[in-house]
Amino acid sequence: MTNKVTKAIFPVAGLGTRFLPATKSIPKEIMTLVDRPLIQYAIDEAREAGITEFIFVTARGKSALEDYFDRAPELEAALRLAKKQAQLDELRRTDMDSGAIAYIRQRDPKGLGHAVWCARRLVGDEPFAVILPDDVIAGQTGCLRQMVDAYAETGGNMVAAMKVPPAQISSYGVLAVKSDMGALLPASGMVEKPRAEDAPSDFAAIGRYILRPEVMRTLDTAQAGSGGEIQLTDAIAAQIRDHDNVFGYRFKGQRFDCGSKAGFLQATVAFGLAREDLRDEFGAYLSSLNAASHAAE
Ligand code: UTP
């Protein structure tokens, strides 16, 4: 078995109910932060981490995602004719080599663990990354790159982790950790969406994982857990129990929960302000809002 991580699974088969009615006809992952869909940020992060095979677990109503990564010959020709080189360069970001990207269907939304398991034949006997595109992480070095490097050193399963306030912990998979020194957090347990008073720590799992192929074997026989879904958390907890080889990874970077409306809005503001072409105009508008709200107090 190689220790090199070249395959990433993007589970995008969820219903996205928190963004209805938009998600009735638009996949959540196509919604844009400034001018790039969430999925583009996830793909850029994966490429930076050395991923060369991209596996999308999709569902009915997600065909816009397939079109997004396909060629657009008429559009490209029109841009060339109009000598719009900057826009052509932007389009090139969406280029995926033939064969680099695979789409498989999850027939029913049976949970994240089940979505990951749908990719088992494509993953084979190799370690693989899992990226949830609605967790967007901004930082100098991509979160997945940091985790791939940590995996190369330890060979253990990696779960991106960050501290969250007690009031929010029940929305997450939560790690029990043996020690919390440094970036690597050796895990002694993991539970899905515990009540705040039962949470084993305040380290929540965020949507980036590097998993060993045994996780797929565990998912082969997984039963529904919390919320009636097949939980990835339960399969990871089984690795801790049976092999003691799971680490939380405290990444460097700022994470935005773009699966929630407030998180999406925060990310829009942060990414808008980070853009050179927008910073002045958008920043001035935000300052004027701030000044107006102070004046009203
Ligand atoms: P979420 O819990 O955010 O669910 O899934 P969701 O359906 O996307 O959104 P809401 O809560 O209804 O608004 C976390 C990730 O797991 C994927 C989702 O696409 C998302 O990337 N997922 C979840 C699947 O691929 N299949 C599932 O059965 C469940």
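Numbers given to residues run from 1 along each chain, matching the order in which its sequence is written. Per-residue local features of the predicted model are confined to residues with pLDDT of at least 70, and side-chain atom pairs are confined, for both listing and counting, to 80 or more; whole-chain, interface and lining totals are unaffected and use all residues. To obtain the side-chain values, all non-hydrogen atoms of the structure were included, while hydrogens and water were left out.

Turning our eyes to something else, we now look at the overall build of the protein. The secondary structure listing takes helices from DSSP runs of H or I that are at least 4 residues long and strands from runs of E that are at least 2 residues long, numbered from the N terminus. Check the secondary structure of the protein and you find 11 helices and 13 strands. The size measure is the radius of gyration over C-alpha atoms, and the globule rule it meets is 2.2 Å times the number of residues to the 0.38 power. In terms of overall dimensions, the protein is globule-like: its C-alpha atoms have a radius of gyration of 20 Å, near the 19 Å expected for 297 residues. Seen along its three principal axes, the alpha-carbon backbone of the protein occupies a region of about 60 × 55 × 35 Å. A fraction of 76% describes how many contacts in the protein between residues 6 or more apart in sequence connect residues 24 or more apart. Here the accessible surface of atoms and residues is derived via Shrake-Rupley with a 1.4 Å probe, and residues count as covered only by protein chains that are part of the display. Of the roughly 15,000 Å² that the protein leaves accessible, carbon and sulfur atoms contribute 52%. Residues scored as positive are Lys and Arg, those scored as negative are Asp and Glu, and His as well as the terminal groups of each chain are ignored. Charge coordinates come from a single atom per side chain, which is NZ of Lys, CZ of Arg, CG of Asp or CD of Glu. If you average the places of the 35 positive and of the 39 negative side-chain charges in the protein, the two averages end up 3 Å apart. Note on contacts: a residue pair qualifies if any of its non-hydrogen atoms lie within 4.5 Å across the two residues.

The N-to-C vectors of helix 10 (residues 261–274) and helix 11 (residues 276–296) enclose an angle of 125°; their axes lie 6 Å apart at closest approach. One element, helix 10, and the other, helix 11, form an angle in the oblique class. On the side of helix 10, the interface is formed by Thr 268, Val 269, Gly 272, Leu 273 and Ala 274, while helix 11 contributes Glu 276, Leu 278, Arg 279, Phe 282, Gly 283 and Leu 286. Any residue that is not Ala, Val, Leu, Ile, Met, Phe, Trp, Tyr, Cys, Pro, Asp, Glu, Lys or Arg is counted as polar, Gly included; the first ten are nonpolar and the last four charged. For the contact of helix 10 with helix 11, the class distribution of residues is six nonpolar, three polar and two charged. The convention used is that axes are lines fitted to C-alpha atoms, helices contributing only their stretch in contact, and that angles between N-to-C directions extend from 0 to 180 degrees. For classification purposes, angles smaller than 35 degrees are called roughly parallel, those larger than 145 roughly antiparallel, those between 65 and 115 roughly perpendicular, and all remaining angles oblique.

Take the pattern of salt bridges next. The salt bridge definition used is simple: a Lys or Arg side-chain nitrogen within 4 Å of an Asp or Glu carboxyl oxygen. In this structure the tally under the stated criterion is 20 salt bridges. For the salt bridge of Asp 198 with Arg 195, the shortest nitrogen-to-oxygen distance reads 3.1 Å. The exposure class assigned to Arg 195 is exposed, which follows from its relative accessible area of 53%. In the salt-bridge network here, residues are joined through shared partners; they are Arg 36, Asp 44, Glu 90 and Arg 93. For every residue, the accessible area obtained with a 1.4 Å probe (protein chains only) is divided by the maximum for its type, and the residue is called buried under 20%, exposed over 50%, and partly exposed between those limits.

Attention now moves to the packing of aromatic side chains. The relative placement of two aromatic rings is captured by the distance of their centres and the angle of their planes. In this scheme Phe, Tyr and Trp rings, the latter by its six-membered ring, pair at centre separations within 6.5 Å, and the angle between planes marks the pair as stacked below 30 degrees, edge-to-face above 60, and tilted otherwise. By the definition in use, this model includes eight aromatic pairs. With a centroid separation of 5.4 Å and 35° between ring planes, the pair formed by Phe 56 and Tyr 103 is classed as tilted. Residue Phe 56 is found in strand 4 (residues 53–58), and its partner Tyr 103 is found in strand 5 (residues 101–105); the two are separated by 47 residues along the sequence. Taking relative accessible area as the criterion, Tyr 103 reaches 25% and is therefore assigned partly exposed. With a centroid separation of 5.8 Å and 65° between ring planes, the pair formed by Phe 256 and Phe 271 is classed as edge-to-face. Of this pair, Phe 256 sits in strand 13 (residues 254–257) while Phe 271 is found in helix 10, placing the two residues 15 residues apart along the sequence. Of the two residues, Phe 256 and Phe 271, neither departs from the other in class, the shared state being buried.

With that settled, the discussion passes to the nonpolar core. Judged by nonpolar contacts, the single largest core of 39 residues is most densely connected at Phe 10, Phe 54, Phe 56, Leu 144 and Ile 210. The set of elements that each furnish at least two residues to this core consists of strand 1 (7–11), helix 1 (38–48), strand 4, strand 6 (128–131), helix 7 (143–154), strand 8 (157–163), strand 11 (203–211) and strand 12 (246–250). The element best represented in this core is helix 7, accounting for six residues. Dropping the residues within four chain positions of it, Phe 54 is found in contact with Ala 8, Phe 10, Ile 43, Ala 46, Arg 47, Met 96, Ala 100, Ile 101 and Ala 102. Take the buried residues of types Ala, Val, Leu, Ile, Met, Phe, Trp, Tyr and Cys, join any two whose side-chain atoms come within 4.5 Å, and each joined set is a nonpolar core.

So, on to the site of the ligand. Distances are taken per atom, and a residue is near a molecule or strand as soon as one of its heavy atoms is within 4 Å of it. As a matter of local geometry, the ligand sits amid 16 residues, with Thr 17, Arg 18, Lys 28, Gln 106 and Gly 111 nearest to it. Whenever a nitrogen or oxygen atom comes within 3.5 Å of another N or O atom, the pair is scored as a polar contact, on the condition that within protein one atom can donate a hydrogen and the other can accept it, and that pairs from neighbouring residues in sequence are kept only if both atoms are in side chains. One nitrogen or oxygen atom from the main chain of Pro 11 is found 2.8 Å from an oxygen atom belonging to the ligand. One of the backbone nitrogen or oxygen atoms of Leu 15 is found 2.8 Å away from an oxygen atom of the ligand. Calculation on the ligand without its partners gives an accessible area of 570 Å², and the protein chains cover 82% of this total. When its residues are assigned to classes, the shell around the ligand shows seven nonpolar, five polar and four charged.

All right, on to helix 10 then. One fewer than the residue count of a helix, multiplied by 1.5 Å, yields its expected span. Counted at 1.5 Å a residue, the expected span for helix 10 with its 14 residues is 20 Å, and the 20 Å between its end C-alpha atoms agrees. Within the sequence span of helix 10, burial applies to Gly 263, Phe 264, Ala 267, Phe 271 and Gly 272. Axial view of helix 10: buried residues confined to an arc of 160°, hence all on one face. Across helix 10 from its buried face, at more than 90 degrees, point the exposed residues Leu 265 and Gln 266. It is the directions from the helix axis to the C-beta atoms whose arc is reported.

Further remarks concern the environment of Arg 275. On the secondary structure map, Arg 275 appears in the loop between helix 10 and helix 11. Along the chain, Arg 275 and Ala 292 lie 17 residues apart, while their C-alpha atoms are 24 Å from each other. What Arg 275 contacts, discounting residues up to four positions off in sequence, is Val 34 and Asp 35.

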